[in-house]
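Here are the chains, one letter per residue:
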Amino acid sequence: MRRLNRKKTLNLMKELDAFPKVPESYVETSVSGGTVSLIAFTTIAFLTVMEFTVYRDTWMKYEYEVDKDFTSKLRINIDITVAMRCQYVGADVLDLAETMVASADGLIYEPVVFDLSPQQKEWQRMLQLIQSRLQEEHSLQDVIFKSAFKSASTALPPREDNSLQSPDACRIHGHLYVNKVAGNFHITVGKAIPHPRGHAHLAALVSHESYNFSHRIDHLSFGELIPGIINPLDGTEKIASDHNQMFQYFITIVPTKLHTYKISAETHQFSVTERERVINHAAGSHGVSGIFMKYDISSLMVTVTEEHMPFWQFLVRLCGIIGGIFSTTGILHGFGRFVAEVIFCRFRLGSYGSTSVSLPDGHTSNHLPRTTDNSTH
């Protein structure tokens, strides 16, 4: 009884077989079929390699939300060289809350030579080239995010020529922690001193002839310092055309959370607009000579996440490629054979129609005489 039930079950399974086998004696091969099969296999191999390349690649996903963190401090990373002696200039931050952050809280004044060495000039030229490409092709920013912490440092290399020239400039570098509100970081003549209504700089002791706010921004960033990230002002150099000249940078800061397969950090991106003008009170151009960076913080926060194609999706796409190529080539091959047979049959019928046979009564017939086995006798 069990054997009978088993046999019935097997027969039922055979009836449900969606992949019936065709005996090899009924399979007919052809040159055209072999050619199409070779093309199909080559196409499948090529698309499989391309799909695997896509599977190995990653992309950056951008998400936006309201920044709800208003209590933390904002870190400003600074590395600026000004073409004036260190005793003549002062740097500090004043925000909208009337809070002054002096440069003594984290900045270092280092006497240096303003002109770069040959190796440093090459570094600056390459950095400016990268900046120009970033402005033209914004998608390159994703590549920079992926290469963070594993690419070469973007800091200015040290001098290699050991110049004997006396220092004529001041390198101001380090970092400051400020309130997370709009503010103004500036470098101007004289050291900053506290004032009941804000702050002031001791500029009266410095001659106007010594004013020179030509400067080079080797690095300026906000938030956590991430090696390999290139910021919009890195490598910027401005040469003053007048002693009394003001350089202004209007900066909009966007809080950013970066999550890649290499790092996970909280930093800040920013955009900048530049402006410069000569101070001439007689012509109505008022102001103070110096370098002013006025920054504001966006209320939106960007989360940048590196994503990868799941393995199951790769398998589904691969099966779709293989099945689609087989089906498409099979349809095209069948259609091609059908068209070829139709044309060949018409050609054969045309050749048969030109044949005429004489009948005994003097008439002619365009049909071929039927041959029998006895016609050979």
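Residues numbered from 1 in each chain as written. Predicted model: local features only at pLDDT ≥ 70, side-chain atom pairs only at ≥ 80, totals over all residues. Heavy atoms only, no water.

If you check an unreviewed UniProt entry, the chain appears there as Endoplasmic reticulum-Golgi intermediate compartment protein from Calidris pygmaea. Quoted verbatim from the Function (unreviewed entry) field of the UniProt record, the comment on the chain reads "Plays a role in transport between endoplasmic reticulum and Golgi." (UniProt positions renumbered as here; feature names shortened; annotations may be inferred.)

*Asks:* When you look at the pairing of strand S7 (residues 183-189) in this model, what are you seeing that I'm missing?
*Replies:* Regular strands place side chains that alternate from one sheet face to the opposite one. Within S7, 7 of the 7 residues are buried, which leaves the element mostly enclosed by the surrounding structure. Pairing geometry for strand S3 (residues 89-95) and S7, over 7 bridges, is antiparallel. What sits directly across from Asp 95, in S7, is Gly 183. The sheet contact formed by S7 and strand S14 (residues 290-297) spans 6 bridges and is antiparallel. Note on S14: the bridge partner recorded for Asn 184 is Lys 294. (Buried < 20%, exposed > 50% of the residue type's maximum accessible area, 1.4 Å probe, protein only. Helix = DSSP H or I, 4+ residues; strand = E, 2+ residues; numbered from the N terminus. Pairing = 2+ DSSP bridges.)

*Asks:* Any chance you could explain the state of the cysteines here in plain terms?
*Replies:* The bond known as a disulfide is covalent and runs between the sulfur atoms of two cysteines. Counted according to the given criterion, the structure contains 1 disulfide. A sulfur-sulfur separation of 2.2 Å characterises the disulfide bridge that pairs Cys 86 with Cys 170. One quick way to see it: the torsion about the S-S bond of Cys 86 and Cys 170 is about 105°, and its sign makes the bridge right-handed. Residue Cys 86 is located in the loop between strand S2 (73-82) and S3, and its partner Cys 170 is located in strand S6 (residues 169-179); the two are separated by 84 residues in the primary sequence. Take Cys 86 and Cys 170: they sit in the same class, and that class is buried. (Disulfide = S-S within 2.5 Å.)

*Asks:* What is the right way to look at the environment of Val 178 in this model?
*Replies:* By the element assignment, Val 178 lies in strand S6. Separated by 104 residues in sequence, Val 178 and Leu 74 have C-alpha atoms that sit 5.2 Å apart. If we skip the residues at most four places from it in the chain, Val 178 touches Lys 73, Leu 74, Ile 76, Val 93, Val 101 and Tyr 295. (Contact = heavy atoms within 4.5 Å.)

*Asks:* What should I look at first to understand the nonpolar core in this one?
*Replies:* Side chains of a nonpolar character, in soluble globular proteins, are inclined to be buried together. In terms of nonpolar packing, the biggest core is built from 36 residues, with Phe 185, Ile 187, Ile 251 and Met 293 touching the most fellow members. For this core, the secondary-structure elements that each account for two or more residues are S2, S3, S6, S7, strand S10 (215-223), strand S12 (245-259) and S14. The element that contributes the greatest number of residues to this core is S2, accounting for 5 residues. If sequence neighbours within four positions are ignored, Phe 185 has contacts with Ile 78, Ile 80, Ala 91, Asp 92, Val 93, Leu 107, Leu 176, Ile 291, Phe 292, Met 293 and Tyr 295. Counting 8 residues, the second largest nonpolar core, distinct from the first, contains Ile 229, Leu 258, Ile 263 and Val 304. (Core = buried A, V, L, I, M, F, W, Y, C linked by side-chain atoms within 4.5 Å.)

*Asks:* Would you take a moment to explain helix H2 (residues 31-56) for this structure?
*Replies:* Owing to its 3.6 residues per turn, the α-helix brings residues three or four apart onto one side. Between its first and last C-alpha atoms H2 spans 38 Å; for 26 residues at 1.5 Å apiece the expected length is 38 Å, and the two agree. Looking at H2, one finds that the buried residues are Gly 33, Ala 40, Ile 44, Glu 51 and Tyr 55. (Expected span 1.5 Å × (residues − 1).)

*Asks:* How do you make sense of the side chain of Gln 131 when you look at a structure like this?
*Replies:* Here Gln 131 lies in helix H3 (residues 118-136). In this structure Gln 131 comes out as buried when scored by relative accessible area, which is 10%. Within the structure, the side chain of Gln 131 is placed 2.4 Å from the backbone oxygen of Asn 231, a separation counted as a polar contact. Of the polar contacts made by the side chain of Gln 131, one reaches the backbone oxygen of Pro 232; its length is 3.4 Å. Apart from the residues within four sequence positions on either side, Gln 131 is in contact with Ile 230, Asn 231, Pro 232, Leu 233 and Asp 234. (Polar contact = N/O pair within 3.5 Å; in protein donor to acceptor, adjacent residues only side chain to side chain.)

*Asks:* Sorry if this is basic, but what is going on with the environment of Lys 294 here?
*Replies:* Its place among the elements puts Lys 294 in strand S14. The spatial distance from the C-alpha of Lys 294 to the C-alpha of Gly 183 is 6.0 Å, given a sequence separation of 111 residues. Setting aside anything within four residues of it in sequence, one finds Lys 294 in contact with Gly 183, Asn 184, Gln 248, Tyr 249, Phe 250 and Ile 251.

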